[in-house]
Amino acid sequence: MWHNLGKFILKYRLQLLLVLAAITAFMAYQASKVQLSYDFSRAIPINNSKYKAYQEFRKQFGEDGNLLVIGIQTDHFFKEKLFNDYASLHRNLKKVKGVVDIIAVPTAVNLIKIPETEKLKADTIFADRLLTQAEIDSGARTFLNLPFYRQLLYNPSTHAWLMGVRIDKDLMASKARMGIVQDISKLADDFGKANDLTVYKSGLPHIRTELSARVVKEMQMFILASLILSAFILLLFFRSFSAMCLSLTVVLLGVIWSFATIQLFGFKISILNALIPPLIVVIGIPNCIYFFNKFHTNYNETGDKKKSLMMMVERMGVVTLFCNLAAAIGFAVFAFTQSQILKEFGIVAGINIIALFFISLIFIPAILSYLPPPKSRHTKYLENPQLNRWLDRLERWSLNHRKLIYAVTFGFVALSIAGMFRLKTLGYIVDDLPKSDKIYTDLRFFETNFNGVMPLEIVVDTREKRGVTRHFDNLVRIDSLSQFLSNLKDVGRPLSITDGLKFVNQSFNDGDTTYYSMPSEFALPALSKYLSFRRDSSKNAQHPSDKNSFEKLASSFMDSTLQKARISVSMKDVGSKRLPVILDSITVRINQLFTRGKYNVQLTGTSVTFLEGSRYIIDGLKDSILWAFLLIALCMFYLFRSARILICSLIPNIIPLLITAGIMGWVGIPLKPSTVLVFSVALGIAIDVTIRFLVNYKQELPGNDFDKKKTVIDTIHNTGISIIYTSLVLITGFVIFCFSGFDGTKALGWLTSLTLVTATFTNLVLLPSILISVIRVKK
């Protein structure tokens, strides 16, 4: 079959190249339309109950993750120049396209009782103009006498001040978010420079936009770096510009096809599938090396270029197919998970690794057939004395020191298993960033001064229209839950409709701070004259866009039917280990306050969806490892039709994974999406070495009269050089990821490289020993 396929490729080489060019042109057009993803909630399946609850919350109350916060720390906030500049910053931010609302000190309002009309008037404390020091001091006294804003806009004990910028949710889901966040950041930074202050920026819009920009930048950097590194290694190995250019063309075609696949499936570039193009380069180069290595070996033996090309396809076609199939399985198993972002990664990576095989199978022999035969300098690497000496050592170890090899292997496995018991699962919303990163340090500022910016939402459904305000007892329960939340460690100031009632109660009692508390059931009727829970439906009603920040804030804590009330909390990014403890304690308090059946209370928001998403990703990745083992084992069994060889093939690949997991445990690297990813990927790539070794062993066995030792020796020397070269390419290719700005990508780089280094040794030292010791040969 493969012999005939080689003849077919060479006979119809021009037609096949034209078809390949036409497909690539179409793919390039599709690739030009690919877009960046700004949706960070796709880790959870859309049929998940928590996902549905979150979408329902967003539908009723709006987006919880569109607040960008700006912070400063100073005890001179109410000095004339600084305060006027701060107010000017507020005015300039309002002009930025996409900014819906801003809550900040300069636009803070006070509620004034008007007895004549029995209404409360919301008056701005600070006039919207340049203020004198006396006017600022007067407004400051009023502002600091309002507990409503304490821990919301300022922290009196640390002199930290916060400005919240709410951005249009539709624009936040588009590429326009980049420009919006950059404009906001520039205005904030200019204010900081003008006043010699450090400006801290955080909130999900800022974090996600910065991360998205870095994803694009790193993807471009990794593609370029992997191409340059591959070009250097290829030139060093083959001493041939034609071999280098051919190999780079193959992987460039693969990169174009991978971008096009993302677009054709309706996906977008995410932080995960942005790794696929550089991975295509890293995985594609070994394909080329193996093809060239076999072509050069055959040409040295025959001196016939056409015959060598046909032998290359015949001998390496099936090997490369199963190698790419194994690598594709290592990625494609992610498609079996319930996490959408992992599914996309698995589908795109799996398809394109297989596509890479067909590209190289057609392109390399077809182009080589037009080029002149290789010169002696191009095949000189086959007789590398230094590498051959190493292969001789490997041969002696495998033949003469098998017991020592088994003992050392057993020792490493025992240590690794002990390390695995130390593994822990831990993830953060802002994960994989170095502790010195500006995003991380700014987040820590808000966690220190305001207990964080990560949204947690609690929705209380009273199950009756106007149920929130009709029964005073419901308001008391909501306030009791708010008080419980405010006393929790790592949880910020909660906001609910009861905070608005407290503000109203204080204003009703002439601004006396001692009355900033829930009004009694008997006082509420008197307050109701001044506060209507219903929106004014008269002709004189304010348009929603005319409301001030306080009115917008207050109206967002109940739905239009007054059946549901919302308690909004910001919290620290405490991680996937601490977060469930906090949520469980909140749930216990909810069950104490709200009778099941009578009320329906749900915890939702980004913090909850993050926890659920992390669980799905971790569980999905663990399952994917099992699927990868199963499917790769089936491929190996089909290829070799021997249970003994199947076991022999898996042992050298399981051990590197155990060693990597053990090192993670001993070093203290937790299991999280970025690190669990290593195992399936590394297994799919490392098994390539085993396949190439065993296929060559099987092909050489009849020619050596079924002599195991002689066949193992020949296999070590026939495949050893190409295995070392391709392993070097793969290892250095993954080392590139160690230069990422994300700790998770760094971990993927060095852990995968470590696994591949170990797999190279186990396949060239342990596997030959096992073959000699275990395999029975039937003539």
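So, about the overall build of the chain. Helix and strand counts for the chain stand at 26 helices and 10 strands. Once the C-alpha set of the chain is aligned to its principal axes, its extents read approximately 110 × 50 × 45 Å. A burial count over the chain gives 57% of its 779 residues as buried. Within the chain, contacts between residues at least 6 apart in sequence are counted, and of these 80% link residues at least 24 apart. Total accessible area computed for the chain in this model is approximately 33,600 Å², and 59% of it derives from carbon and sulfur atoms. Positive and negative charge centroids in the chain, built from 88 and 59 side chains respectively, lie 9 Å apart.

Within strand β9 (residues 564-571), seven of the eight residues are buried, leaving the element largely enclosed by the surrounding structure. Taken together, the eight bridges between strand β8 (residues 454-461) and β9 define a ladder with antiparallel strand orientation. Considered in β9, the bridge of Asp461 is made with Lys564.

For the rest of this paragraph, the subject is unusual backbone geometry. Positive phi, close to 60°, is recorded for Asp510, a residue that is not glycine. On the secondary structure map, Asp510 appears in the loop between α18 (497-508) and α19 (524-528). If you check the backbone angles, Leu562 has positive phi at about 60° while not being a glycine. For Leu562, the location among the structural elements is in the loop between α20 (549-555) and β9. Owing to a relative accessible area of 6%, Leu562 belongs among the buried residues under this scheme.

For the rest of this paragraph, the subject is the sheet that holds β8. With antiparallel pairing, three strands are arranged side by side in an open sheet as β9-β8-β10. Sheet topology places β9 and β10 (600-604) at the edges, where each strand pairs with a single neighbour. Across the sheet, the axes of successive neighbouring strands diverge by a mean angle of 15°, strand direction being ignored. Here helix α3 (residues 49-61) sits on the sheet in contact with β8, β9 and β10, set at roughly 110° to β9. The strands touched by helix α17 (residues 472-486) are β8 and β9; relative to β9, the strand with the most contacts, the crossing angle is about 5°.

Let's shift gears to the state of the cysteines. Taken as a whole, this structure holds zero disulfides when the rule is applied. With no disulfide partner, Cys323 has as its closest neighbouring cysteine sulfur the one in Cys635, 11 Å distant. Under the relative-accessibility criterion, Cys323 is labelled buried at 0%.

With 94% of its residues at a pLDDT of 70 or more, the chain has an overall mean of 84. In the model of the chain, α20 stands out as the element of lowest mean pLDDT, 55, in contrast to helix α4 (residues 80-94), which has the highest, 95. Confidence drops under pLDDT 50 across residues 532-546; counting only partners more than four residues distant or on other chains, this segment forms 13 contacts.

Bringing the environment of Asp85 into the picture now. Mapped onto the elements, Asp85 comes out in helix α4. Asp85 sits 580 residues away from Gly665 along the chain, and the two C-alpha atoms are 51 Å apart. Not counting chain neighbours up to four residues away, the residues in contact with Asp85 comprise Phe191 and Asn195.

On to α18, then. In this model, α18 (12 residues) spans 16 Å end to end at C-alpha, consistent with the 16 Å of a helix rising 1.5 Å per residue. For α18, a buried count of 11 out of 12 residues is recorded, marking the element as mostly surrounded by other parts of the structure. Within the sequence span of α18, burial applies to Ile497, Thr498, Asp499, Gly500, Leu501, Lys502, Phe503, Val504, Asn505, Gln506 and Ser507. Asp510 sits one or two residues past α18 and shows a positive phi near 60°.

Before going further, it helps to spend a moment on the environment of Asn696. If you trace the backbone, Asn696 turns up in helix α24 (residues 673-700). Given a relative accessible area of 6%, Asn696 falls into the buried group. For Asn696 and Leu756, which are 60 residues apart along the polypeptide, the C-alpha to C-alpha distance reads 20 Å.

Another aspect to go through is the pattern of salt bridges. For the structure on display, the rule yields 16 salt bridges. Between Arg91 and Asp128 there is a salt bridge whose closest N-O contact spans 3.0 Å. Residue Arg91 is located in helix α4, and its partner Asp128 is located in the loop between β4 (119-124) and α5 (133-144); the two are separated by 37 residues in the primary sequence. By relative accessible area, which is 26% here, Arg91 ends up partly exposed. Relative accessible area serves as the criterion here: at 63%, Asp128 is assigned to the exposed category.

Close contact between helix α2 (residues 13-31) and helix α9 (residues 241-264) brings their axes to 8 Å; oriented N to C, the two are set at 55°. By the angle class used here, α2 and α9 are oblique. The two elements α2 and α9 meet at a crossing, and its hand is left-handed. For the pair α2 and α9, contact is made by Leu20, Ile23, Thr24, Phe26, Met27, Ala28, Gln30 and Ala31 and by Leu253, Ile256, Trp257, Phe259, Ala260, Gln263 and Leu264, respectively. Partitioning the contact of α2 with α9 into residue classes produces 12 nonpolar, three polar and no charged.

What follows concerns the side chain of Lys564. Considering the arrangement of structural elements, one finds Lys564 in strand β9. Despite its burial, Lys564 pairs with no opposite charge; the closest candidate is Asp461, at 4.4 Å N-O. With residues near it in sequence (within four places) discarded, Lys564 still touches Glu56, Gln60, Phe61, Val459, Val460, Asp461, Val468, Phe557, Met558 and Asp559.

Time to look at helix α23 (residues 643-667). Taking 1.5 Å of rise per residue, 25 residues should cover 36 Å, and α23 covers 36 Å from first to last C-alpha, within 8% of that figure. Its maximal kink placed at Ile651, α23 deviates by approximately 25°, while the proline Pro652 follows within four residues. Capping the start of α23, Ser642 holds a side-chain oxygen 3.4 Å from the backbone nitrogen of Arg644, two or three residues further along. Gly668 occupies a position one or two residues after α23 and carries a positive phi of about 95°.

A word on the packing of aromatic side chains. Counted by the stated rule, this structure contains 29 aromatic pairs. With 6.0 Å between their ring centres and 85° between their planes, Tyr149 and Phe503 make a pair best called edge-to-face. With Tyr149 in the loop between α5 and β5 (154-155) and Phe503 in helix α18, this pair connects stretches of sequence that are 354 residues apart. Seen in terms of ring centroids, Phe336 and Trp627 are 5.0 Å apart; in terms of plane orientation they differ by 55°. Their pairing is tilted.

Rules behind the numbers
Residues numbered from 1 in each chain as written. Predicted model: local features only at pLDDT ≥ 70, side-chain atom pairs only at ≥ 80, totals over all residues. Heavy atoms only, no water. Helix = DSSP H or I, 4+ residues; strand = E, 2+ residues; numbered from the N terminus. Buried < 20%, exposed > 50% of the residue type's maximum accessible area, 1.4 Å probe, protein only. Contact = heavy atoms within 4.5 Å. Areas by Shrake-Rupley, 256 points an atom, 1.4 Å probe, with all protein chains shown as cover. Lys, Arg positive; Asp, Glu negative; His and termini not counted. Charge placed at Lys NZ, Arg CZ, Asp CG, Glu CD. Pairing = 2+ DSSP bridges. Axes fitted to C-alpha atoms, helices over the stretch in contact; angles between N-to-C directions. Disulfide = S-S within 2.5 Å. pLDDT = per-residue confidence, 0-100. Expected span 1.5 Å × (residues − 1). Salt bridge = Lys/Arg side-chain N within 4 Å of Asp/Glu carboxyl O. Parallel < 35°, antiparallel > 145°, perpendicular 65-115°, else oblique. Left-handed = near helix turned anticlockwise from the far one by under 90°. Nonpolar A, V, L, I, M, F, W, Y, C, P; charged D, E, K, R; others polar. Bend = angle between axes of the 7 residues up to and from the residue. Polar contact = N/O pair within 3.5 Å; in protein donor to acceptor, adjacent residues only side chain to side chain. Phe/Tyr/Trp six-rings, centres within 6.5 Å; stacked < 30°, edge-to-face > 60°.

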